[in-house]
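Structural description and commentary
One letter stands for each residue in the lines below.
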Amino acid sequence: MIDGPVWHPFTQHATEPAPPVVRRTEGAYIHTDRGRLIDAVSSWWVITHGHRHPPIMDAIRDAATRLDQVIFAGLTHDPAEQLAAALVRLAPEGLTRVFYSDSGSTAVEVALKMALGYWRAADGTDAHHRIVVMDRSYHGDTIGTMSVGARGVFNAAYGPLMFDVDRIPVPRADGAATLDAFRALARGGEIAALVVEPLILGSGGMLMYDAAVLAGLRRICDEHGVLMIADEVMTGWGRTGRLWACDHAGIAPDILCTSKGLTGGAVPLAATLACEKVYQAHYSTDRARTFFHSSSYTANPIACAAGLANVRIWEAGGMQPVLDRVAAMQAERLAALAARPGWENPRQQGTIVAIDLSVGQAGYLAEDGPVMRAHFMDRGVLLRPLGNTVYVMPPYCVSEADMDEIWAAIASYR
Ligand SMILES: *Cc1c(COP(=O)(O)O)cnc(C)c1O
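Residues numbered from 1 in each chain as written. Predicted model: local features only at pLDDT ≥ 70, side-chain atom pairs only at ≥ 80, totals over all residues. Heavy atoms only, no water.

1. A closer look at helix 12 (residues 368-378)
We apply this condition: Each residue gets one of three labels from its accessible area relative to the maximum for its type: buried under 20%, exposed over 50%, partly exposed in between, using a 1.4 Å probe on protein chains only. The secondary structure listing takes helices from DSSP runs of H or I that are at least 4 residues long and strands from runs of E that are at least 2 residues long, numbered from the N terminus. This arc corresponds to the set of directions leading from the helix axis out to the C-beta atoms. Note on contacts: a residue pair qualifies if any of its non-hydrogen atoms lie within 4.5 Å across the two residues.
For helix 12, the set of buried residues is Asp 368, Gly 369, Met 372, Arg 373, His 375 and Phe 376. Seen end-on, helix 12 carries its buried residues on one side only, within an arc spanning 165°. Taken together, the buried residues of helix 12 touch strand 14 (352-357), strand 15 (381-382), strand 16 (389-392) and helix 13 (400-411). Among the residues trailing helix 12, Gly 380 stands out with phi positive, at a value near 75°.

And the structure:
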């Protein structure tokens, strides 16, 4: 049971024990009042290089000597301008415009609004207003992003408020069923945009699919003039073994959402990158075509400075061997666990690996989830299984010894 005024996210206060109190973070570690934890989930997928990565913390300290929040309509500042320019350089070809917000959910909401705004300008009507999504996808917890995500126990209560979308199956094997379903919908002519988590459906259970399927979806978008929105909120900044998941498929979406690792995970920031035609649809002497969106903390200068420190690390080169090292350490340990009875469906995409505990009844509310989490915590490892799926997504500074500890904890469960 958890007491006190704080209402924690995704936490059942009636059944969960009081959480440890975090005193300090550093690298791959979270130091609490009860001891050290290895952060094997990168604090819900945000910490990329490591906790309190020195160049990022220096940039935050430095920016804070000069700037705090300033209104971003009618004013601009260097951290936002420089970060936008760098994002355009680093992003897949053709993404030329950068709109700032403050979370993954808002980045996706912004993308949906951009897509509808594009079609309103192109058609002069609401002819293109439907959104296609994949089963088991996750794009955030606002009403709009829940609408384009999987329906289930998490959002059953809010169903009456959610809008209707078209769904295509999670790709299996060559993805033919997914591509066929999407082609049939795209032919219908009402589709404004496809929203996808490229290569990995994260919250849906770390379900992975081939880059060729992603490329196939891009081709169908092109054939039928459907906008492609890539939600790289989780996959961006190296998680899949390349800077962007889209890079594996050699494709560029029309709109790309990034958040989590944008500041290396230190402070909240998000960006929605748009291609020129989406931007131009809103560029007009007609003020009605203005992109009417803002959040109070849009382009927070301290967060932008942190983001700029992060992009400088990527632009300096040298990240590929870092990602390859994590991927290799993961592959070796995943193979060892997969050889043991009781585990199935081992899978990997770059620095992310997942494996399922063999159980009769799966699903997020499966009994094993919380029991496993407590078991790992007792062994000093922070992992949050998705139902019976255990995944490991460490910050890139993770050491061989840390990895041994993480995987020993997992193996000790069964
Ligand atoms: C986490 C996540 C989001 C939502 O980001 P928040 O910052 O939590 O709002 C959206 N899309 C994907 C793919 C995510 O993993």
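2. Re the pairing of strand 13 (residues 343-349)
Using the following cut-off: At least two DSSP bridges between two strands are needed for those strands to be called paired.
Pairing of strand 13 with strand 14, which is carried by 5 bridges, proceeds in the antiparallel orientation. Bridge assignment links Trp 343 to a residue of strand 14, and that residue is Leu 357. Adjacent in sequence and paired antiparallel, strand 13 and strand 14 are bridged by 2 residues, among which Gly 350 carries a positive phi angle near 65°.

3. A short note on the side chain of His 139
Mapping His 139 onto the fold places it in the loop between strand 5 (130-134) and helix 5 (143-147). Not counting the four nearest positions on each side in its chain, His 139 is found in contact with Gly 104, Ser 105, Val 108, Thr 145, Val 148, Val 195, Val 196, Glu 197 and Asp 231.

4. Thoughts on the site of the ligand
Quick reminder of the rule: Residues are counted as near a molecule or strand when any one of their heavy atoms sits within 4 Å of it. Pairs of N or O atoms within 3.5 Å make up the polar contacts considered here, provided that, within protein, one atom can donate a hydrogen while the other can accept it, and that residues adjacent in sequence are counted only when both atoms are side-chain atoms. Surface accessibility follows the Shrake-Rupley procedure with a 1.4 Å probe radius. Residue values consider only the protein chains on display as shielding. All amino acids are sorted into three groups, where Ala, Val, Leu, Ile, Met, Phe, Trp, Tyr, Cys and Pro are nonpolar, Asp, Glu, Lys and Arg are charged, and the leftover types, Gly among them, are polar.
Residues in close proximity to the ligand include Trp 45, Ser 103, Gly 104, Ser 105, Tyr 138, His 139, Gly 140, Glu 197, Asp 231, Val 233, Met 234 and Lys 260, which together make up its full environment. Contact distances for the ligand include 2.6 Å between a nitrogen atom and a side-chain N or O atom of Asp 231. Within the contact set of the ligand, an oxygen atom lies 2.7 Å away from a side-chain nitrogen or oxygen of Lys 260. For the ligand, the accessible surface in isolation is 390 Å², of which the surrounding protein chains cover 82%. Split by residue class, the shell around the ligand holds 4 nonpolar, 5 polar and 3 charged.

5. Considerations on the sheet that holds strand 5
Selection criterion: Lines fitted to the C-alpha atoms define the axes, with helices restricted to the stretch that makes contact. Angles between their N-to-C directions range from 0 to 180 degrees.
On the basis of which strands lie adjacent, the open sheet formed by 7 strands has the order 4-12-11-10-7-5-6 and mixed pairing. If you trace the sheet from one side to the other, it starts and ends with strand 4 (95-101) and strand 6 (166-168), each paired once. Strand after strand, the sheet turns through a mean of 20° between neighbouring axes, direction not considered. As judged from the 4 bridges shared by strand 5 and strand 7 (residues 191-196), these two strands associate in the parallel manner. Residue pairing across strands places Val 133 opposite Val 195, the latter belonging to strand 7. Relative to strand 10 (residues 227-231), helix 7 (residues 211-224) is tilted by about 150°, and along the sheet it contacts strand 5, strand 6, strand 7 and strand 10.

6. Quick notes on the packing of helix 3 (residues 78-90) against helix 10 (residues 301-315)
Selection rule: Two helices cross in a left-handed way if the nearer one is turned anticlockwise from the farther one by less than a right angle. They cross in a right-handed way if the turn is clockwise.
Following both chains from N to C, one finds helix 3 and helix 10 inclined at 35°, their axes separated by 9 Å at the closest point. Every pair of crossing elements has a handedness; the one defined by helix 3 and helix 10 is left-handed. Where helix 3 approaches helix 10, its residues Pro 79, Ala 80, Gln 82, Leu 83, Ala 86, Leu 87, Arg 89 and Leu 90 are matched on the opposing element by Pro 301, Cys 304, Ala 305, Gly 307, Leu 308, Val 311, Arg 312, Trp 314 and Glu 315. Broken down by class, the residue content of the contact of helix 3 with helix 10 amounts to 12 nonpolar, 2 polar and 3 charged.

7. What about the domain arrangement of the protein chain?
Rule in force here: An automatic or database domain assignment supplies the start and end points of every domain. Take the accessible area each of two parts loses on contact, using a 1.4 Å probe, and add the two losses: that sum is the buried area. In what follows, salt bridge is the name for a side-chain nitrogen of Lys or Arg lying within 4 Å of a carboxyl oxygen of Asp or Glu.
Taken as a whole, the protein chain is organised into domain 1 (22-53 + 318-411) and domain 2 (56-315). The distance between the C-alpha centroids of domain 1 and domain 2 comes to 26 Å. Every contact between the two is made by 27 residues of domain 1 and, on the other side, 27 residues of domain 2. When domain 1 packs against domain 2, close to 2,400 Å² is buried across both sides, 65% of that on carbon and sulfur atoms. Broken down residue by residue, the surface that domain 1 buries against domain 2 is led by Trp 45, His 53 and Gln 349, which jointly contribute 27%. Put simply, domain 1 and domain 2 have 0 salt bridges between them. Across the contact surface, domain 1 and domain 2 share 16 residue pairs in polar contact (both at pLDDT 80 or more). Secondary-structure elements contributing two or more residues to the side of domain 1 that touches domain 2 are helix 1 (42-45), helix 11 (319-338), strand 13, strand 14 and strand 16.

8. Some points on the pattern of salt bridges
Within the structure shown, the criterion is met by 16 salt bridges. Glu 315 is paired through a salt bridge with Arg 89; the nearest N and O atoms lie 2.8 Å apart. Note that Glu 315 is positioned in helix 10 and Arg 89 in helix 3, a separation of 226 residues in sequence. The class for Glu 315 is partly exposed, based on a relative accessible area of 36%. On the basis of relative accessibility, which here comes to 55%, the residue Arg 89 falls in the exposed class. With a closest N to O distance of 2.6 Å, Glu 400 and Arg 333 form a salt bridge. Residue Glu 400 is found in helix 13, and its partner Arg 333 is found in helix 11; the two are separated by 67 residues along the sequence. Under the relative-accessibility criterion, Glu 400 is labelled partly exposed at 44%.

9. Points about the sheet that holds strand 14
Two orientations exist for strands paired in a sheet by backbone hydrogen bonds: parallel and antiparallel. A sheet is described by the order of its strands in space; here 3 strands give the open sequence 13-14-16, paired in antiparallel fashion. Either end of the sheet is taken by a strand with one partner, and the two such strands are strand 13 and strand 16. If you compare each strand with its neighbour and ignore which way they point, the axes differ by 15° on average. Bridge analysis of strand 14 against strand 16 gives 4 bridges, and the strand direction is antiparallel. Residue pairing for strand 16: Val 353 is matched across the bridge by Val 392. Contacting strand 13, strand 14 and strand 16, helix 11 crosses the sheet at an angle of about 170° to strand 13.

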